[in-house]
Amino acid sequence: MSESEPIERLVGLLAKLPGLGRRSARRAVLRMLMQPEALMLPLAAALREAAEAVRPCAVCGNLDTRSPCAICRDPRRERGVICVVEGVADLWALERAQVHRGLYHVLGGTLSALGGVGPEDLAIRPLLARVAEDGAEEVILALPATVDGATTAHYLTDRLRPTGVRVTRLAQGVPVGGALDVLDEGTLAAAVKARRPA
Amino acid sequence: MPPNAPPGLRLTRLTLRDFRSYPALETGFRGRIVVVTGENGAGKTNLLEAISLLGPGRGLRGARMGELGRRAPAGPLPWAAAGRFENAYGRFDIGTGTTPAAEGCGSAERRAWRLDNIPLRSAGELAERVAAVWLTPQMDRLFQEGASGRRRFLDRLVWALEPAHAREVAAYENAMAQRNRLLAEDSRDTAWLAALEDAMARHGVAVAAARRGLAARLNAVLAAGVTGAFPAARLDLLCPLCEALGRDPALAVEERLRTALAANRARDAAAGAAAAGAHRADMALWHLPKRLPAELCSTGEQKALLVAVVLAHAALIAEARGFAPLLLLDEVAAHLDAPRRQALFAALAALPAQAFLTGTDPALFAPLSGLAEGFRARPGILVPDEEFPLPECA
Ligand SMILES: [Zn+2]
């Protein structure tokens, strides 16, 4: 199989995306090359536009074209309730389920001594500052049901204690080892409604 | 065996492709007891391993995916194993083997199962249908070697009944490894250490409680004499956590472990390991008539004790799942003296379970003539043993 250089470069780039191996990347590229005008150029334009316009929200870490993001600016949201998530994918999953009416805080990962991820590598200091300055009433820890997720939740509970804020966790029902963004919306909604003190 | 014992699971056909020493094999089993004899290296254990891999887990050698394919100059080949089973409700096929690895996913270690050619979604679905227990020559060193082998043996017994146990053990070991790392790096982050110790306490106590539950159930079966002429035995857990669970509520035990871990950080850092926890558990198996622990018994007595444990375990699985699991007994007869061998054959004849036995010496199995179906293993193939005719009514 011989592939000319631009094709190979495109396949190589696509193959770096989650869920796409080289084989699927090659299939996607072939499909696009059959309709360059209808698929490829609009995709290229959309990629450029998103790359230039979208940035992390300086307050919560969500991705949006403006900072603070649309959620942080929305006057109808409950400003006293902050839901802490591992990544933006979880934030979006909770938004799709429409169960959380407060604000968010994206940590950017979970603690992992073996993976070399420590408290300073996560947005923990900004969270503590936010809670102290904005006087939040409740922090909901919506972290994955893994050892690292549970460790991070325990760590945050400990660090948030001096602020006096109420800290809660998602109810059991999030399957062990389960990432939030693959849960169906009903399960996620039930887990948020039945949260318990951390 | 009580008359209301659940019916046994039966393997009636086995198909292998590029599995270990077998390029291709297709063979039917009509006996409830199947005897496979052959020289060392003829592939007898490989055959039992293939059968063990039709159920959940990594099989009787605990092998990794990459070790199972037949060797070729370019490396191990993709392999497949399929079994046709019969149970009280009918016939079904289980297939397993190398997954056509999704490129770039980096998970060539994954093994998938198919039920009647439809992918199974969870190991739990498989556990509802197929189970096997085994005894291999590797277990002969169980009582001579370190505690970690006995812990693995114990955890396998638990796991066969409670699949979630494997996850608890893995979570415990993960949290412990992370704490060891932080201590080795001389971390002063007490909140992070406390978070990991909390995970160790929660998962560690769950692990200990499951081991304790298994020991109690197994001892009840052993005491009831289900294992026939095998020596009465008792399994004792040597584990402070398990003992504490006998006295105090689990939450109190958890809290104490949490406190102990926090108090011993400096000592654990110096030792490079935690002094307390579920990873410290050991077990002792007692030969009750002789009042001796297994490590002080003769090789034959140790083997007999292990047979008793395996048969009791099979009875527990039968009770939990509603069907008797397959029994895979690799080179067991050779280590037993004639009376015990006779006792084993009598026990197997009385059990509802299908049993597969291997050995080098066909003469040892002579008492099973007319009861068992015999095969000779030769490299890569299996041929019916003409001196061991198929029983009339198996
Ligand atoms: Zn925001």
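These numbers were taken from a predicted model, which means no experiment stands behind them.

Participant: Please clarify how the overall build of chain B should be interpreted in this entry.
Facilitator: When you go through chain B residue by residue, the secondary structure sums to 10 helices and 17 strands. For 394 residues, the compact-globule estimate of 2.2 N^0.38 gives 21 Å, and chain B sits close to it at 22 Å. Principal-axis analysis of the C-alpha atoms gives chain B an extent of 70 × 60 × 40 Å. Relative to its full complement of 394 residues, chain B shows a buried share of 44%. A separation threshold of at least 6 residues defines the contact pool for chain B, and within that pool the share at least 24 residues apart is 71%.

Participant: Please explain the overall build of chain A as it appears in this structure.
Facilitator: Within chain A one finds 8 helices and 7 strands. Across its three principal directions, the C-alpha atoms of chain A cover 60 × 35 × 35 Å. Residue burial in chain A is summarised as follows: out of 198 residues, 30% are buried. Considering only contacts within chain A whose residues lie at least 6 apart along the sequence, 55% involve residues at least 24 apart.

Participant: For this particular structure, what's the right way to read the UniProt feature "zinc finger region: C4-type" (unreviewed entry) in chain A?
Facilitator: The UniProt record annotates "zinc finger region: C4-type" (unreviewed entry) at residues 57–72 of chain A. From the first C-alpha to the last, residues 57–72 of chain A spans 8 Å; its make-up is 19% helix and 12% strand.

Participant: I would appreciate a short explanation of the interface of chain A and chain B in the present structure.
Facilitator: The accessible area lost on association of the parts is a frequent measure of interface size. Contact residues are listed per partner, giving 17 residues for chain A and 20 residues for chain B. Going through the elements one at a time, helix 2 (22–34) and helix 7 (147–160) of chain A are the ones with two or more residues in the side of chain A that touches chain B. Among the elements that make up the side of chain A that touches chain B, the one with the highest residue count is helix 7 of chain A (7 residues). Its residues assigned to classes, the side of chain A that touches chain B shows 9 nonpolar, 4 polar and 4 charged.

Participant: When you look at the domain arrangement of chain A in this model, what are you seeing that I'm missing?
Facilitator: Taken domain by domain, chain A holds domain 1 (5–53) and domain 2 (63–197). Centre-to-centre, using C-alpha coordinates, domain 1 of chain A lies 33 Å away from domain 2 of chain A.

Participant: Looking at this structure, how should I read the packing of helix 4 (residues 164–184) of chain B against helix 5 (residues 190–223) of chain B?
Facilitator: Helix-helix packing: each pair is described by the crossing angle between the helix axes and the interaxial distance. All names here are of chain B. Axis separation between helix 4 and helix 5 bottoms out at 8 Å; the angle between their running directions is 150°. Here helix 4 is positioned roughly antiparallel relative to helix 5, judged by the angle of their axes. In the crossing of helix 4 with helix 5, the sense of the turn from one axis to the other is left-handed. Touching His165, Glu168, Val169, Ala171, Tyr172, Ala175, Met176, Gln178, Arg179 and Leu182 of helix 4 are Trp192, Leu193, Leu196, Glu197, Ala199, Met200, His203, Gly204, Ala206, Val207 and Ala210, all from helix 5. Classifying every residue of the contact of helix 4 with helix 5 gives 14 nonpolar, 4 polar and 3 charged.

Participant: Whenever I open this one, the sheet that holds strand 13 (residues 292–293) of chain B confuses me. Can you help?
Facilitator: Within a sheet, adjacent strands bond to each other through the backbone by hydrogen bonds, running parallel or antiparallel. Residue and element names in this part refer to chain B. Strand order across the open sheet formed by 3 strands is 11-12-13, with antiparallel pairing between neighbours. Each edge of the open sheet carries a strand with a single partner, namely strand 11 (233–238) and strand 13. As paired strands, strand 11 and strand 12 (residues 282–287) are joined by 6 bridges and run antiparallel to one another. Bridge assignment links Leu237 to a residue of strand 12, and that residue is Met283.

Participant: What exactly am I supposed to notice about the nonpolar core here?
Facilitator: Note on soluble globular proteins: their nonpolar side chains tend to be buried together. Within the largest apolar cluster, 157 residues are counted, with the highest numbers of intra-cluster contacts made by Val84(A) and Ile51(B). Residue contributions to this core peak at 16 residues, all from helix 5 of chain B.

Participant: What exactly am I supposed to notice about the environment of Arg26(A) here?
Facilitator: Counting through the fold element by element, Arg26(A) comes out in helix 2. Residues Arg26(A) and Ala15(A) lie 11 residues apart in sequence; the distance between their C-alpha atoms is 8.3 Å.

Participant: Teacher, can you tell me more about the pairing of strand 17 (residues 381–384) of chain B here?
Facilitator: Note on strand geometry: in a regular strand, side chains alternate between the two faces of the sheet. Residues and elements named next belong to chain B. Relative to strand 17, strand 16 (residues 373–378) runs antiparallel, the two being bridged by 4 bridges. Paired with Ala377 across the strands is Leu382, a residue of strand 17. Hairpin connection between strand 16 and strand 17: a loop of 2 residues separates the two successive antiparallel strands, and Gly380 in this loop has a positive phi of roughly 85°.

Participant: How do you make sense of helix 2 of chain A when you look at a structure like this?
Facilitator: Since the α-helix packs 3.6 residues into each turn, any two residues three or four apart lie on the same face. All names here are of chain A. The end-to-end C-alpha distance of helix 2, which contains 13 residues, comes to 18 Å, matching closely the 18 Å that a straight helix rising 1.5 Å per residue would cover. Where helix 2 is concerned, the buried positions are Ala25, Arg26 and Val29. One face of helix 2 carries all of its buried residues, which in axial projection span an arc of 100°. For helix 2, the exposed residues set more than 90 degrees away from the buried face come down to Leu30, Arg31 and Met34. Structurally, helix 2 contributes buried residues whose contacts are with helix 1 (5–14).

Participant: Sorry if this is basic, but what is going on with the domain arrangement of chain B here?
Facilitator: In terms of domains, chain B is made up of domain 1 (9–130 + 360–394) and domain 2 (146–297). Taking only C-alpha atoms, the centre of domain 1 of chain B and the centre of domain 2 of chain B are 33 Å apart.

Participant: Mind showing me how you'd approach the UniProt feature "binding site: ATP" (unreviewed entry) in chain B here?
Facilitator: Residues and elements named next belong to chain B. In the numbering used here, UniProt assigns the feature "binding site: ATP" (unreviewed entry) to Gly38, Glu39, Asn40, Gly41, Ala42, Gly43, Lys44 and Thr45. Residue placement: Lys44 occurs in helix 1 (residues 44–52). In this structure Lys44 touches Val36, Gly38, Thr358 and Ala377, once residues within four positions along its chain are discounted.

Participant: What should I look at first to understand the sheet that holds strand 16 of chain B in this one?
Facilitator: All names here are of chain B. Read from one edge to the other, the open sheet built from 6 strands follows the order 10-14-15-3-16-17, with strand pairing classed as mixed. The open sheet terminates on both sides in strands that have one partner only, identified here as strand 10 (132–135) and strand 17. Along the sheet, successive strands turn relative to each other by an average axial angle of 20°, direction set aside. Pairing analysis gives 5 bridges linking strand 3 (residues 33–37) to strand 15 (residues 355–359), with the strands arranged parallel.

Participant: So what exactly am I meant to see when it comes to the pairing of strand 16 of chain B here?
Facilitator: Residue and element names in this part refer to chain B. The element strand 16 is largely enclosed, with a buried count of 5 among its 6 residues. With 4 bridges joining them, strand 3 and strand 16 adopt parallel strand pairing. Within strand 16, the position partnered with Val36 by the bridge is Phe375.

Participant: Explain the environment of Ala198(A) to me, please; I cannot follow it from the model alone.
Facilitator: All names here are of chain A. Its location among the elements puts Ala198 in the segment after strand 7 (196–197). Judged by local crowding, Ala198 falls into the partly exposed class, with 18 C-beta atoms found within 10 Å. Sequence spacing of Ala198 and Leu160 is 38 residues, and the spatial spacing of their C-alpha atoms is 11 Å. The residues contacting Ala198, other than those within four sequence positions of it, are Leu141, Ala153, Thr157, Val167, Thr168 and Arg169.

Rules of the game
- Residues numbered from 1 in each chain as written.
- Chains lettered and ligands numbered in written order.
- Predicted model: local features only at pLDDT ≥ 70, side-chain atom pairs only at ≥ 80, totals over all residues.
- Helix = DSSP H or I, 4+ residues; strand = E, 2+ residues; numbered from the N terminus.
- Rg over C-alpha atoms; globule rule 2.2 N^0.38 Å.
- Buried ≥ 20, exposed ≤ 12 C-beta atoms within 10 Å, placed from the backbone.
- Contact = placed C-beta atoms within 7 Å.
- UniProt positions renumbered as here; feature names shortened; annotations may be inferred.
- Nonpolar A, V, L, I, M, F, W, Y, C, P; charged D, E, K, R; others polar.
- Domains from an automatic or database assignment.
- Axes fitted to C-alpha atoms, helices over the stretch in contact; angles between N-to-C directions.
- Parallel < 35°, antiparallel > 145°, perpendicular 65-115°, else oblique.
- Left-handed = near helix turned anticlockwise from the far one by under 90°.
- Pairing = 2+ DSSP bridges.
- Core = buried A, V, L, I, M, F, W, Y, C linked by C-beta atoms within 7 Å.
- Expected span 1.5 Å × (residues − 1).
- Arc of directions from axis to C-beta.

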